[in-house]
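Notes for the structure review
Single-letter residue listing:
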Amino acid sequence: MTTRRHMLLSAAASAAALSTGIFHRSATAASESIEISYTDAQWRARLSPQQYAVLRQEATEPPGSSPLNKEHRPGIFSCAGCSLPLFASTTKFDSGTGWPSFWKPLDNAVATRKDRSYGMVRVEAHCRRCGGHLGHVFEDGPPPTGLRYCMNGLALTFAPKPA
């Protein structure tokens, strides 16, 4: 028989599991093939602590903190982990969210998967070559795709188009 005590204990156990990451997915889905792979120590040596937290541990930078929010020159945004070109500046738009946003990635650059962390379901975007966490994709973007690739600026680098 289910009692109030059983329900409270179940809720407490679920909350504890969520807070310890038991229900969190692995950094890379088992069905994916990652072309560039480094040990944890190598990633830490290649990336700043903040980039490591975002790209390898799926952290999120504070909104409005990225200088890339104000980047409007023609050029290419690439993965800070492996330098794979990800987004053309022509697809960048000001979403008002505080993170660099794009309505479309370059072909064969960004992969997605369901993200069930924090008790919600979202679509996570990651670099298809190194598996680095970039941000999330939402269905509230502008035409022509209607998508908003809401990216962490720490996960990206920018190279302006040569004049």
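With an unreviewed UniProt entry as reference, the protein is termed peptide-methionine (R)-S-oxide reductase, source organism Comamonas testosteroni.

Points about the sheet that holds strand β9 (residues 156-160)
Sheet architecture is open: 3 strands sit in the order β2-β1-β9, paired in antiparallel fashion. With partners counted over all chains shown, the strands left at the sheet margins are β2 (85-88) and β9, one partner each. Across this sheet, the average inter-strand angle for adjacent strands is 30°, counted without regard to direction. Where strand β1 (residues 75-79) meets β9, 5 bridges bridge the pair, whose relative direction is antiparallel. Within β9, the position partnered with Gly75 by the bridge is Pro160.

Here's the deal with the sheet that holds strand β3 (residues 92-93)
Taken in spatial order, the 6 strands line up as β3-β4-β8-β7-β6-β5 in an open sheet, and their pairing is antiparallel. Both edges of this open sheet fall to β3 and β5 (110-115), since each of them pairs with a single strand only. Pairing analysis gives 6 bridges linking β5 to strand β6 (residues 122-127), with the strands arranged antiparallel. Pairing of Thr112 across the sheet is with Ala125, part of β6.

Rules and cut-offs
- Residue indices begin from 1 for each chain and proceed along its sequence in written order.
- Local features in a predicted model are, by the rule used here, given only for residues with pLDDT of at least 70; side-chain atom pairs are given and counted only at 80 or more, and totals for whole chains, interfaces and linings are based on all residues.
- Here the side-chain values reflect all heavy atoms present in the structure, with hydrogen atoms and water set aside.
- In this analysis, strands are considered paired if DSSP registers two or more bridges between them.
- Only DSSP runs of H or I reaching four residues or more are called helices, and only runs of E reaching two or more are called strands; each is numbered from the N terminus.
- Simply put, an axis is a line fit to the C-alpha atoms, just over the touching stretch for a helix, and the angle between two N-to-C directions goes from 0 to 180 degrees.

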